[in-house]
Amino acid sequence: MSLLKRLCPLLVALCCLLAFVPEAAAQSHSVKGTVLDETDAPVAGAFVTVKGETRGVMTDGAGRFDIQVKSSDVLVVSFLGYEDEEVPVREEKELLVKL
């Protein structure tokens, strides 16, 4: 019985630590990028969204964007007249997307 009393606090502490591991892995970070067309011209007004979610941003006049993502996210870049481009984020901080 004394062994169980000694191990109980350790098990509780271990469970608490393990409960926060997925939360730490899911933390978001900022990704900046530029969207270019086939002639390397910036694409202003392209939509950059997180796949499977409703959040996203639009590129500025220079084709640039900045969005908060998780490492597991995939960005979908779309613009009228072009096929959507899917880009895995991973640990990237800056992306170059060509449509």
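On a predicted model such as this, the values are computed, not experimentally measured, just so you know.

## Quick notes on the sheet that holds strand β2 (residues 47–50)
- The antiparallel open sheet is built from 4 strands, whose spatial order is β3-β2-β5-β6. Among the strands making up the open sheet, the edge pair consists of β3 (56–58) and β6 (85–88). On average, each strand axis in the sheet is inclined to that of its neighbour by 20 degrees, with strand direction left out of account.
- Sheet analysis places strand β5 (residues 74–78) next to β6, joined by 4 bridges and oriented antiparallel. What sits directly across from L75, in β6, is V87.

## Considerations on the nonpolar core
- Grouped together as the largest cluster of nonpolar side chains are 16 residues, with contacts concentrated most on V35, V69, L75 and V77.
- Among the secondary structure elements, those contributing two or more residues to this core are β1 (28–36), β2, β4 (64–70), β5 and β7 (94–98).
- Tallying contributions element by element places β4 first for this core, with 3 residues.
- Not counting chain neighbours up to four residues away, the residues in contact with L75 comprise V48, T49, V50, F65, I67, V69, E85, E86, V87, V89 and L95.

Rules used throughout
- Residues numbered from 1 in each chain as written.
- Predicted model: local features only at pLDDT ≥ 70, side-chain atom pairs only at ≥ 80, totals over all residues.
- Heavy atoms only, no water.
- Pairing = 2+ DSSP bridges.
- Helix = DSSP H or I, 4+ residues; strand = E, 2+ residues; numbered from the N terminus.
- Axes fitted to C-alpha atoms, helices over the stretch in contact; angles between N-to-C directions.
- Core = buried A, V, L, I, M, F, W, Y, C linked by side-chain atoms within 4.5 Å.
- Buried < 20%, exposed > 50% of the residue type's maximum accessible area, 1.4 Å probe, protein only.
- Contact = heavy atoms within 4.5 Å.

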